[in-house]
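Descriptive structure summary
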Amino acid sequence: MRRIESEALLLRSIELGETDLVVTLLTETDGKLACIVRGGRRGSHRLGGALEPFHTMHVAIDDRGRDLSTLREARIERVRGRLVSTLEGVEAAGACLRWARHLFPVRTPEPQGWTTLVALLDAIDEGAPPRRELAAAALCLLTDAGYGLDFERCVRCGKPCPHGRPAAIDTVRGGLVCQACGGARRVIGSDARLLAYALQNGERPEASTDDVEILVALAEDAMAVHADLAS
Ligand SMILES: [Zn+2]
């Protein structure tokens, strides 16, 4: 048996029988893990009510390499009180944690994905616009998972798309597709494209609500190509 001690985020919690919980955690050291929490439904004192989403926890897990590990201890390490006090913040953070749960394979460390999620939660907690942060995190999660969308060049021939023009984009192919390569049904305006490129590179420009929502929808469609987002 191996003892895992790590920072972690709660991705999901479901009740099991009368007394237990099964939680899905994203740990910093070991990636996504499913754990049983004995007595978790009764509010075990060892866990001290720490099993809440959006705060960063420190956890101790006993891992026997089976489907379900055992969560032994959890305490909140970083409280995000401002985030959980707004509906918009909770919704944006919840959407991103749900995507992470679907995108990341089990028992695979995701250092970049971890950084992306913590940055999203911290930014919202510090008062950044939740939907813009969600768009940024969504595009970064795709990149972290190896499915990054290319907003600069045609994914087929590599030709750069000139600035200031709308472009055809195909989420199945992973980015822009120029007319010579057949184009795509979906078209993205030049402002949304510039915004996407800036967000992918860690910049946080002022952004229109419309462009932010276009990017959130695009990113979610791209994730759905690679993972079942429904469960
Ligand atoms: Zn092309």
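Residues numbered from 1 in each chain as written. Predicted model: local features only at pLDDT ≥ 70, side-chain atom pairs only at ≥ 80, totals over all residues. Heavy atoms only, no water.

1. So, the overall build of the chain
Using the following cut-off: Every helix listed is a DSSP run of H or I at least four residues long, and every strand listed is a run of E at least two residues long, numbered separately from the N terminus. We compute the radius of gyration from the C-alpha atoms alone; for a globule the expected value is 2.2 Å times N to the 0.38, where N is the number of residues. Any residue under 20% of the maximum accessible area for its type is buried, any over 50% is exposed, and the rest in between are partly exposed; the area is computed with a 1.4 Å probe on protein chains only. We call two residues in contact when some of their heavy atoms are within 4.5 Å.
When helices and strands are tallied, the chain shows 5 helices and 9 strands. Mapped in sequence order, the helices and strands of the chain form the string β-β-β-β-β-α-α-α-β-β-β-β-α-α. In terms of overall size, the chain behaves like a compact globule, its C-alpha atoms giving a radius of gyration of 19 Å where 231 residues would be expected to give roughly 17 Å. For the chain, the spread of C-alpha atoms along the three principal axes comes to 60 × 35 × 25 Å. Looking at the 231 residues of the chain, the share that counts as buried comes to 50%. Counting only contacts in the chain whose residues sit at least 6 apart along the sequence, the fraction spanning at least 24 positions is 59%.

2. Examining the domain arrangement of the chain
Applied cut-off: The domain boundaries here were taken from an automatic or database domain assignment. Any carboxyl oxygen of Asp or Glu that lies within 4 Å of a side-chain nitrogen of Lys or Arg is treated as forming a salt bridge with it. Polar contacts, as counted here, are pairs of nitrogen or oxygen atoms within 3.5 Å of one another; within protein the pair requires one atom able to donate a hydrogen and one able to accept it, and residues that are adjacent in sequence qualify only if both atoms are side-chain atoms. Under the grouping applied here, Gly and all other residues not named as nonpolar or charged are polar, the nonpolar ones being Ala, Val, Leu, Ile, Met, Phe, Trp, Tyr, Cys and Pro and the charged ones Asp, Glu, Lys and Arg.
You can read the domains of the chain as domain 1 (2-78) and domain 2 (83-226). Placing a centre on the C-alpha atoms of domain 1 and another on those of domain 2 gives a separation of 29 Å. Inspection of the domain 1/domain 2 interface yields 4 salt bridges. In this structure, Asp63 and Arg107 form a salt bridge, with 2.9 Å as the shortest nitrogen-oxygen distance. Taken together, the links from domain 1 to domain 2 amount to 7 residue pairs in polar contact (both at pLDDT 80 or more). For the side of domain 1 that touches domain 2, the secondary structure elements donating two or more residues are β1 (2-16), β2 (20-27), β3 (31-37), β4 (56-63) and β5 (68-78). The element contributing the most residues to the side of domain 1 that touches domain 2 is β1, with 6 residues. Its residues assigned to classes, the side of domain 1 that touches domain 2 comprises 8 nonpolar, 8 polar and 8 charged.

3. Observations concerning the pattern of salt bridges
The full count for this structure, using the stated rule, is 17 salt bridges. In this structure, Asp122 and Arg80 form a salt bridge, with 2.8 Å as the shortest nitrogen-oxygen distance. Taken as a pair, Asp122 in helix α2 (residues 111-125) and Arg80 in the loop between β5 and α1 (87-103) lie far apart in primary sequence, 42 residues in all. The exposure classification of Asp122 matches that of Arg80, with both residues buried. A cluster of three or more residues bridged by salt bridges with shared partners is formed by Arg78, Arg80, Asp122, Asp125 and Glu126.

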